[in-house]
Amino acid sequence: MKILVVEDSRTQAEYLRHILEKEGYRVGMAPDGRAALEAVAADRPAVILTDIVMPEMDGYDLCRRIKQDTATSDIPVILVTHLSDPADVMRGLEAGADSFIIKPCEADLVRSRLESILGTADRAGSDGTDPGMEVFFAGRMYTLSAGRRQILNTLLSTYEIAVGKNVELQEAQERLNAVNRELQRAVADLERANDDLSQENAERRRVEKALSEANKKLQLMASITRHDLLNLLMAMNGYLELAAGSRDSDPETSWKFVSNAQDAVDRMTRTIRFAAEYQKIGVASPVWHEIRDVVERSRMYTPLGTVALENAVPAGVEIYADPLIEKVFVNLIENAVRYGETITAIRFSLEETGGVGRIVCEDNGVGVPEGEKEKIFAYGSGKNTGLGLFLAREVLAITGITIRETGSPDGGARFEIACPAEVIRIAAEREA
């Protein structure tokens, strides 16, 4: 059985030939409509498969001529098209086409379409259908020369195509949904990575700023320490010279000068020890500390005796500070016990005002005189305690935290440690 393939694309024509010959058909080839008419006259085919878009004569004109010639009108014509417009179906029916095959052609579809057409005994016009039936579609009037059987075959073929395309569309939609889900997961992973990177960058900037501040403070302290030691050495040297000068004439005065020189040595020793404590500031990078835990650990370093210590700081609140932060709290507790005189209670709590968190250490001792509130933080104060409030302020300042005394002289001491928003947080925020 011969099938005539009319196709101006050599590649498409050979592809169809391969499909048809594999099914056992004899295949003829024509590059355009005029050549196809000559091929039909020379060797009548059982079915014609024709492309629509061709030079000289397109597939519609070829189909129309085949159907208008009584000698060939019963030859089934199958249009091979992309079927991108519903009007293509109407134009095919207008030309008398029997069916459609959609490009790119699939072997199973070609086989089933041929089997359907060849298995139909009735041809166009044999069922009594008016060959001049007019149909208005998409703003245009079409005169359909196809019979009811052709129309049915064509509509069934286009329906089959539509179903197939719908299945392909659903599969494509499922693949698209799967890709979209993967993309959403990738975006979520990227957002988490960006958040982690942002947090790391923010942490790095905080550390760099803190280390820079610590370095500046250490340089300042080194300069102050050198200045103090030079002054003490000069004083000691002067006392020793005076002692030597009066050693024979006035031994008692000479020993006073020696005693003064010894005091200078003691002061130098304290200065060096103080500098040793100070140089620890900023050695390690600041980290987050849970405030309540810091208070609990700090209370163990100072004998409280009869003094009661209340830790009212909520659990889970963290502060970003130098690792020496614990010594700040130790110093506050030591000072309260040592200088509170009438003290019986110390209380740590947390307050929030205007977006600033404040750690409060207050006691019921004698308090700090009004004129001494700022002096107690000055360099040189508290050296005998090992760290002193001067160093406490320096430790806190590494990450922008401040401390001041706000109590009333008769109501006990009250130290407020003010923490900017970026250095205090709830532990749950770290995990969010």
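Quick note: structure is the one above.
One numbering rule holds for all chains: residues counted from 1, following each sequence as written. Local features in a predicted model are, by the rule used here, given only for residues with pLDDT of at least 70; side-chain atom pairs are given and counted only at 80 or more, and totals for whole chains, interfaces and linings are based on all residues. For the side-chain quantities, the full set of heavy atoms in the structure was used; hydrogens and water were omitted.

## A look at the sheet that holds strand β9 (residues 308–311)
Short version of the rule: Criterion used throughout: strands pair if DSSP finds at least two bridges between them. Helix and strand assignments come from DSSP, with helices taken as H or I runs of at least 4 residues and strands as E runs of at least 2, each series counted from the N terminus. Simply put, an axis is a line fit to the C-alpha atoms, just over the touching stretch for a helix, and the angle between two N-to-C directions goes from 0 to 180 degrees. The contact rule is simple, with two residues in contact once any of their heavy atoms fall within 4.5 Å.
Read from one edge to the other, the open sheet built from five strands follows the order β9-β11-β12-β14-β13, with strand pairing classed as mixed. The outermost strands of the open sheet, each flanked by one partner alone, are β9 and β13 (402–405). Strand-to-strand twist in this sheet, taken as the mean axis angle between neighbours without regard to direction, amounts to 20°. Across eight bridges, the pairing between strand β11 (residues 345–353) and strand β12 (residues 356–363) is antiparallel. For E351, the partnering residue across the bridge sits in β12 and is R358. Along the sheet, helix α8 (residues 291–298) makes contact with β9, β11 and β12, crossing β9 at roughly 165°.

## A short note on the pairing of strand β5 (residues 99–102)
Here is the rule we go by: Any residue under 20% of the maximum accessible area for its type is buried, any over 50% is exposed, and the rest in between are partly exposed; the area is computed with a 1.4 Å probe on protein chains only.
Here β5 shows no split at all, with S99 and I101 on one side and F100 and I102 on the other all buried. Looking at chain direction, strand β4 (residues 77–81) and β5 are connected through four bridges and run parallel. Paired with T81 across the bridge in β5 is I102.

## Some remarks on the side chain of E405
Rules: Side-chain atoms alone can form a polar contact between residues adjacent in sequence; in general such a contact is a pair of N or O atoms within 3.5 Å, and within protein one must be able to donate a hydrogen while the other accepts it.
Residue position: E405 is located in strand β13. For E405, a relative accessible area of 6% puts it in the buried group. A distance of 2.3 Å separates polar atoms of two side chains, one belonging to E405 and the other to K373. From its side chain, E405 meets the backbone nitrogen of G407 in a polar contact 3.0 Å long. In contact with E405, not counting residues within four places along its chain, are V368, K373, I376, F377, G412, A413, R414 and F415.

## A look at a negative patch on the surface
For the record, the criterion: Here a patch means residues that are over 30% exposed by relative accessible area and free of salt bridges, tied together within 9 Å if like-charged and within 5 Å if nonpolar (Val, Leu, Ile, Met, Phe, Trp, Tyr). Only the protein chains shown count as cover for residues, and all accessible areas are computed by the Shrake-Rupley method using a 1.4 Å probe. A pair is scored as a salt bridge if a Lys or Arg side-chain nitrogen falls within 4 Å of a carboxyl oxygen belonging to Asp or Glu. In this tally, Asp and Glu contribute negative charge and Lys and Arg positive charge; neither His nor the terminal groups of the chain are included. To locate a charge, take atom NZ for lysine, CZ for arginine, CG for aspartate or CD for glutamate.
Taken together, the side chains of E191, D195, D196 and E200 make up a negatively charged region of the molecular surface. Inspection of the secondary structure assignment puts E200 in helix α6 (residues 148–245). Owing to a relative accessible area of 51%, E200 belongs among the exposed residues under this scheme.

## Some words on the packing of helix α1 (residues 10–22) against helix α5 (residues 107–118)
A pair of packed helices is characterised by two quantities: the angle between their axes and the separation of those axes. This is how the line gets drawn: Roughly parallel means an angle under 35 degrees; roughly antiparallel, over 145; roughly perpendicular, 65 to 115; everything else is oblique. Crossing handedness is defined as follows: a turn of the near helix away from the far one that is anticlockwise and smaller than a right angle gives a left-handed crossing, while the clockwise case is right-handed. Put simply, Ala, Val, Leu, Ile, Met, Phe, Trp, Tyr, Cys and Pro go in the nonpolar bin, Asp, Glu, Lys and Arg in the charged bin, and everything else, Gly too, in the polar bin.
Put simply, α1 and α5 touch, their axes get as near as 10 Å, and they point 60° apart. When the axis of α1 is compared with that of α5, the two are oblique. Crossing of α1 over α5 shows right-handed handedness. Facing L16, I19 and L20 of α1, the residues of α5 in contact are A107, V110 and L114. Among the residues forming the contact of α1 with α5, the class breakdown is six nonpolar, no polar and no charged.

## A look at the packing of aromatic side chains
Under the convention used in this document: Only rings of Phe, Tyr and Trp enter the pairing, Trp through its six-membered ring, and a pair is recorded when the two centres are within 6.5 Å. The plane angle decides the type: under 30 degrees is stacked, over 60 is edge-to-face, the rest tilted. Cation placement over rings: the criterion is NZ of Lys or CZ of Arg within 6 Å of the ring centroid and within 35° of the ring normal.
Overall, the coordinates contain three aromatic pairs when judged by the stated rule. Relative to F415, the ring of F377 lies with its centre 6.2 Å away and its plane at 85°, an arrangement referred to as edge-to-face. With F377 in the loop between β12 and α10 (388–397) and F415 in strand β14 (residues 414–419), the pair connects residues that are 38 residues apart, well separated along the chain. Here the guanidinium or amino end of R393 rests over the ring plane of F377, the centre of that ring lying 4.1 Å away.

## Focus on the sheet that holds strand β10 (residues 317–321)
Taken in spatial order, the three strands of this open sheet run β8-β10-β15, and their pairing is antiparallel. Pairing within the sheet leaves two strands with one partner each, and these edge strands are β8 (287–290) and β15 (424–426). Averaged over all adjacent pairs, the angle separating strand axes in this sheet is 35°, with direction ignored. Relative to β10, β8 is paired through four bridges, and the arrangement is antiparallel. Counterpart to E290 in the pairing with β10 is E318.

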